[in-house]
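Residue-level structural notes
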Amino acid sequence: MINTKIAIAIISSLSFIACTYEYGLPEKKVEEVSVIEDITVPSNKVFAHPGLLHSQADFDRMKTKVDNQVDPWISGYNKMISNSHASATYVMKGPVVTLIRGGGSREEPLADNYSTAMEDAHAAYLTAIRWKITGDVAYANKSIQILNAWAATCTSISGDSNKALGAGIYGYQFANAAEIMRDYSGWNATDLAKFKKWMLDVFYPVNKAFLDTHWNACSTHYWANWDLCNLASMMSIAVLNDDVSMYTYVINYLMKGVGNGQLLKAINHIHPKSANDDIDLGQIQESGRDQGHTLMVIGLLGSIAQMAENQGLDIYGYNDNMILKGAEYVAKYNAARLSVPFKTYTNCANVTHTTAADDAGRGGIRPVWERIYNHYTIGKGIKARYIKTAKDVGYPEGGSGDLNPNSGGYDDLGFGTLLYSK
């Protein structure tokens, strides 16, 4: 959907209009009122499979380009297969019975162990992609080995408030791997059904509880990335399980939700473009906090929009391409290292930001740009110079810890040069 304009002519009577022309009085100006059209899910929606970050057409394109050694796909592919998580001999770091993020706390005395999930989810995803491109079942079998082991072992997610991040980030990543593998004849139907139920029983309840309650804090207390990763997880689980009701909840939340995952809150102000900009700039809700998390928001917005795109919903185009404007704002400040305008932001807990944060995370390289660049600039022909700069700095795009060995290096599934080039 795109932003529409409704022209409302303000008149009082035909006789008054006649008089304005007769005596040369100025005409009343036409007022323009911006109307943002919400995106809705049909009640009889039928899901496309594979239909999360990648469609079958995407895999067909990748395979053809890689087989023919065509750039940029072959450069992206070589980048991916150089990562240990894409290997058929990858050694699992888990599974664990209780996945803990926010450990060593009053709520969960045991230590964090979420790195096991972040690494294994990436490995399941990358080996699934490698199987799709090469047809080598060694990669398919590695992926389902990981997925089956986690579904058979892990029974809960624990921690302090941060358990919501564990459920959100690793939920959408595990589900994306499974969505790719769902048509593999070597994945036993019973095991696939167990995995789908595992996502519903372990990840979904935490996702939903957080979005519904925000752990009893005021609605905008938690930063945008908290809402967005849980929305990404619920969206992924809904597609995996063909659950229209769950999918509808996610889309409705993106349109009207109370937390900062609502799109108009995640990108909370549109600044008109300056003389040196190609497009308007969208201020991110976390821009005044730090740039690492702001970049994470760009990745999650792109993931959500891409997953919706493969189900026929245009979140990319929502509110006159506002995700593009948000990404351009972040790229200008981080990749181009230029100043950006800032509208003072205050959340419900009275945390106030008056300027974009110039912190240690500014200028960080995260694998979040190719997806957005290829959709808008290559696919739609919309020039966005700062996004291109950010994309070029990280070319060919990597991921899975090769840019950052800590959790931030695993927040996005990455490898967009291979996966999203058109």
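Here the structure is shown first, and the text comes after it.
All residue numbers refer to position in the chain's written sequence, counted from 1. Side-chain atom pairs in this predicted model are given and counted only at pLDDT of 80 or more, local residue features only at pLDDT of at least 70, and totals for whole chains, interfaces and linings cover all residues. Note that water and hydrogens are dropped before the side-chain values are worked out from all heavy atoms of the structure.

In this section: the packing of helix α8 (residues 224-240) against helix α11 (residues 291-309). All axes are obtained by fitting lines to C-alpha atoms, using only the stretch in contact for helices, and the reported angles, taken between N-to-C directions, cover 0 to 180 degrees. Runs of H or I in DSSP of at least four residues are treated as helices and runs of E of at least two as strands, each being numbered from the N terminus. Closest axis-to-axis distance for the α8/α11 pair is 9 Å, and the angle between their directions is 25°. Taken together, the axes of α8 and α11 are roughly parallel relative to one another. Between α8 and α11 the crossing geometry is left-handed. On the side of α8, the interface is formed by Ala-224, Asn-225, Leu-228, Cys-229, Leu-231, Ala-232, Met-235 and Ser-236, while α11 contributes His-293, Met-296, Val-297, Leu-300, Leu-301, Ile-304, Met-307 and Ala-308. Note that the term roughly parallel is reserved for angles under 35 degrees, roughly antiparallel for angles over 145, roughly perpendicular for angles of 65 to 115, and oblique for everything else. Crossing chirality is assigned from the near helix's rotation relative to the far helix, an anticlockwise turn below a right angle marking it left-handed and a clockwise turn marking it right-handed. Only heavy atoms enter the contact rule, under which two residues are in contact if any of them lie within 4.5 Å.

The subject of this paragraph is α8. The end-to-end C-alpha separation of α8 is 24 Å, in line with the 24 Å expected for 17 residues at 1.5 Å each. A large share of α8 lies buried, amounting to 17 of its 17 residues. Working rule for helices: expected span equals 1.5 Å times residues minus one. Using a 1.4 Å probe on the protein chains alone, a residue whose accessible area is under 20% of its type maximum counts as buried, one over 50% counts as exposed, and one in between counts as partly exposed.

A cluster of nonpolar residues, Ile-365, Val-393 and Leu-403, forms a patch on the protein surface that exposes about 240 Å² of accessible area. Looking at the secondary structure, you find Val-393 in helix α14 (residues 385-393). A patch is a set of surface residues, each over 30% in relative accessible area and not in a salt bridge, joined within 9 Å for like charges and within 5 Å for the nonpolar side chains Val, Leu, Ile, Met, Phe, Trp and Tyr. Using a 1.4 Å probe, the Shrake-Rupley method yields the accessible areas, and only the shown protein chains count as cover for residues. In the sections that follow, a salt bridge refers to a side-chain nitrogen of Lys or Arg positioned within 4 Å of a carboxyl oxygen of Asp or Glu.

Time to look at the state of the cysteines. Here, a disulfide means two cysteine sulfur atoms that sit within 2.5 Å of each other. The full count for this structure, using the stated rule, is 1 disulfide. With a sulfur-sulfur separation of 2.0 Å, Cys-218 is cross-linked through a disulfide to Cys-348. Between Cys-218 and Cys-348, the S-S torsion sits near 80°, and that sign places the bridge as right-handed. Of this pair, Cys-218 sits in the loop between α7 (189-213) and α8 while Cys-348 is found in the loop between β7 (345-346) and β8 (352-353), placing the two residues 130 residues apart along the sequence. You can see Cys-154 has no disulfide; the closest cysteine sulfur is in Cys-229, sitting 16 Å from it. By relative accessible area, Cys-154 is classed as buried at 2%.

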